[in-house]
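Coordinate analysis (summary)
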Amino acid sequence: MTTPWRDRALPAAERVEDLLSRMTLEEKTAQLYGVWVKNDANGEDIAPDEAGMTEAFDFDELITRGLGQLTRVFGTAPLDPAEGAKVLARFQRRIMAANRFGIPAVAHEECLAGFTSWRATAYPVPLAWGATFDPSLVEEMARNIGHDMASVGVHQGLSPVLDVVRDPRWGRVEETVGEDPYLVGTIGSAYVRGLESAGIVATLKHFAGYAASVGARNHAPVRAGVREFADVVLPPFEMALREGGARSVMAAYTETDGVPVSADRRLLTELLRDDWGFTGTVVSDYFGIGFLETNHRVAGSRAEAAHAALAAGVDVELPGLRCYGEPLVAAVRAGEVPESLVDLAARRVLIQKCELGLLDEDWSPEPPTPAADLDPPRNRALARRLAEESVVLLDNPDAVLPLALDLRIAVVGPRADDPLAMLGCYSFPSHVLPAHPGTALGIEIPTVLESLRTELPDAKITYATGSTVDGGDTGGFPEAVARASEADVCVAVLGDRAGLFGRGTSGEGCDAEDLRLPGVQAKLLDALVATGTPVVLLLLTGRPYALGRWNGRLAATVQSFFPGEEGGPSVAGVLSGRISPSGRLPVSVPDRPGGQPWTYLQPPMGLLGGASNIDPTPLYPFGHGRSYTTFAWTDFQEQGTSVTTDGDTTYDVSVTVRNTGERAGAEVVQLYLHDPVATVTRPDVRLIAYRRVELEPGAAQRVTFRFHPDVSAFADRSGRLVVEPGALELRWGASSTDIRHRATLTLEGPVREVGPDRRLHCGTEVRAMEN
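Predicted model, so just to flag it, every value in this text is computed and none were measured.

1. Notes on the sheet that holds strand β5 (residues 201-207)
Strand order in the open sheet made by the seven strands is β1-β2-β3-β4-β5-β6-β9, with parallel pairing throughout. Of all the strands in the sheet, just β1 (34-36) and β9 (281-284) have a single pairing partner and so form its edges. Sheet topology places strand β3 (residues 106-109) next to strand β4 (residues 156-157); two bridges connect them, and they run parallel. Each residue of the ladder has a partner; that of E109, found in β4, is G157.

Right, dumping it as structure tokens:
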């Protein structure tokens, strides 16, 4: 007779209850932590990663109790994909053989911009996904990432990041999708659907409020209020859970109003589980539970930190077992922590393992068809499509772009001939390889210089570095100026270097004091402009930088947010005209480097006004982007003049978009909501719908958005989400400020409270029109 917990015919919950009844306290707690393995060729050693937060232990003795998670077997050191799959399988067999139930661990990895593994495809960063305004393409990318991870035995991905940018000085802006919650939610949900469709558990990061830290300092306290949380911070997470199907959530490092997230039951249990109905696992950010003791100082010991986190709703401690290991066992034995808390977390973990097939008797750690190549042509083609769609043409006042094919071109700048200029902080070459000097990148990454020479074989291209990314050395200026002076046009390739904790100008722990270009790059750009040669500025960055200093002085400006391994050919294709730029800004580009923080989601008093001498108006607004073709927006129509607050009626708005130019291109049709009068202050405008429309010359499509009253909901003075009666204005725009049409409607009826079942979208319909 089959043991009930092994019986696949039974529901997962029944199987897990039977298993829990057979487990000791030590075996249950073992399911609640991970171990960070040292992935040498034999897969034998265990090593702590961060001094002071982990301790040495006997791995063979430890796994006799079982093990919840294996931490980043692939994402810690260079490991060939095929060999990595074997190493991971060996670890799993050791774990299964050692514990009396034969249960393997969940293997998790980072996958922010691709599987963070040596020789795996490095896709554009999430900020570039936002610039595409193309959820379907992001979903396809995530599906590929998920299949690659599954092919080598990985179960869980620590992505996507759903933090909404609140201050662009924050170092992790590159990891976000943008500054608008609807854009973040729709793009993030698409990523989740793709990853989950491949069988990988998607983990939403960082729940919640992490990006709203004071002064844009990583890990700093969060001062966001109830309404900012409800209207800006939380919606992307809710959308990704409801519509994406994410099965895991990661608790943020930060604290809000004095309560660290990892100890916040109101957030992790009452909201996430009770209100939203989430049934998956909550994992800590790395060392986050230990930080309750060491950083937040709301716990006096490791056991107290474990108790606080478990009571709040954190099921799994990552990456190791500082708190959920022996300290937790001892505290339960002493009667200081209820064993029921351990049971609750272990139940969730084991149900997820059951759903992954890890409790099945015939489960094998060897993938059926382990991948030998994690960067195949299909991946590179998709990475290029994403990169191409993400390039934003900010300005081209004199139509210098596209570049003529036979020009004398000076390519200048510290980002022009460095493959790492294309990659964000969580790409394997930027994240891991700095600790392994001399190791090959593992993937081909053409630089901008190489790509332009390939793209424009008849052009005479010269090159000078000019300066480093940061630092104060101007010794390269004379050569850069000489090359620019001799050329017909100068392409200045400037930007960021991704890194960790101050070792870069963008990335985790690489926060900026202001939004000036790093180092002496601004002075270099001034020197190039002073030559009189037309200068095309190409930015490869992880955040927006203030560009007002050069407004009206540049021949063209192109923005690319760390576009991945195929970024070089993609930006070169835009400069040559082979690709018509179609990216739109997911973050505003500021005019001046100070006066931050600022995003476009401002109430009236957050906009320019006479009470302050500081003008926060951006140089280029959210949603902005130009093209090499032209589009006409015509035949605006609205259906009716009023709808009811109870949601029984909707309001349709339509427009026809036609490509009136001579080449193919894509327009992004954006719909914004303006609420003239409400019981609390509201953003002047906020995005509520969008559609990317790709059109051949002369072709047209009609876009219809079906406005539902739920989309207008916001947090009232008591914190309830409500739909209020009154006048509203829907604004069709090519950006948040380039408004093409306004439609006024009235919401009639009583104030209505809405819940987690509310509509999150406007319905959308697109149909081709006759030429």
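So that's the structure; there's more coming.
2. Details of the layout of surface pockets
A water-sized probe, rolled over the atoms, reveals where empty space remains. Estimated volume of the second largest pocket: approximately 680 Å³. Lining the second largest pocket are 28 residues; nearest its centre among them are A230, L234, R266, L271 and G719. Residue assignment for the lining of the second largest pocket shows that the elements contributing at least two residues are α8 (226-233), α9 (235-244) and α10 (265-275). Broken down by element, the lining of the second largest pocket gets its largest block of residues, five residues, from α10. Taken together, the residues of the lining of the second largest pocket sort by class into 13 nonpolar, five polar and ten charged.

3. Points about helix α13 (residues 326-333)
At 3.6 residues per turn, the α-helix brings residues three or four places apart onto the same side. All of the buried residues along α13 are P327, L328, V329, A331 and V332. Where α13 is buried, its residues touch α2 (25-30), α12 (302-312) and α14 (339-355). Looking at the residues trailing α13, positive phi occurs at G335, about 80 degrees.

4. Some details on the nonpolar core
Grouped together as the largest cluster of nonpolar side chains are 181 residues, with contacts concentrated most on F207 and Y324. Filtering out sequence-adjacent residues up to four positions away, F207 remains in contact with L234, F237, V249, M250, A251, A252, V261, L267, L268, L271, L272 and W276. Counting 35 residues, the second-largest nonpolar core is a separate cluster that includes L401, L449, A459 and I461.

5. Remarks on the packing of aromatic side chains
Summed over all chains, the structure comprises 18 aromatic pairs. Taken together, a centroid distance of 5.8 Å and an interplanar angle of 80 degrees make the contact between W5 and F101 edge-to-face. On the criterion of sequence distance, the pair formed by W5 in the segment before α1 (12-22) and F101 in the loop between α4 (81-98) and β3 is long-range, its members being 96 residues apart. Note on F101: relative accessible area 9%, which makes it buried. Judged by centre distance (5.0 Å) and plane angle (10 degrees), the ring pair of W129 and Y191 falls under stacked. Of the two residues, W129 is situated in helix α5 (residues 126-132) and Y191 in helix α7 (residues 181-197); the sequence distance between them amounts to 62 residues.

About the cut-offs
- Residues numbered from 1 in each chain as written.
- Predicted model: local features only at pLDDT ≥ 70, side-chain atom pairs only at ≥ 80, totals over all residues.
- Heavy atoms only, no water.
- Pairing = 2+ DSSP bridges.
- Helix = DSSP H or I, 4+ residues; strand = E, 2+ residues; numbered from the N terminus.
- 1 Å grid on protein atoms, 1.4 Å probe; cavity = no way out; pocket = protein on both sides within 12 Å on 5 of 7 lines; lining within 4 Å.
- Points joined across faces, edges and corners; volume = space filled by probe spheres on them.
- Nonpolar A, V, L, I, M, F, W, Y, C, P; charged D, E, K, R; others polar.
- Buried < 20%, exposed > 50% of the residue type's maximum accessible area, 1.4 Å probe, protein only.
- Contact = heavy atoms within 4.5 Å.
- Core = buried A, V, L, I, M, F, W, Y, C linked by side-chain atoms within 4.5 Å.
- Phe/Tyr/Trp six-rings, centres within 6.5 Å; stacked < 30°, edge-to-face > 60°.

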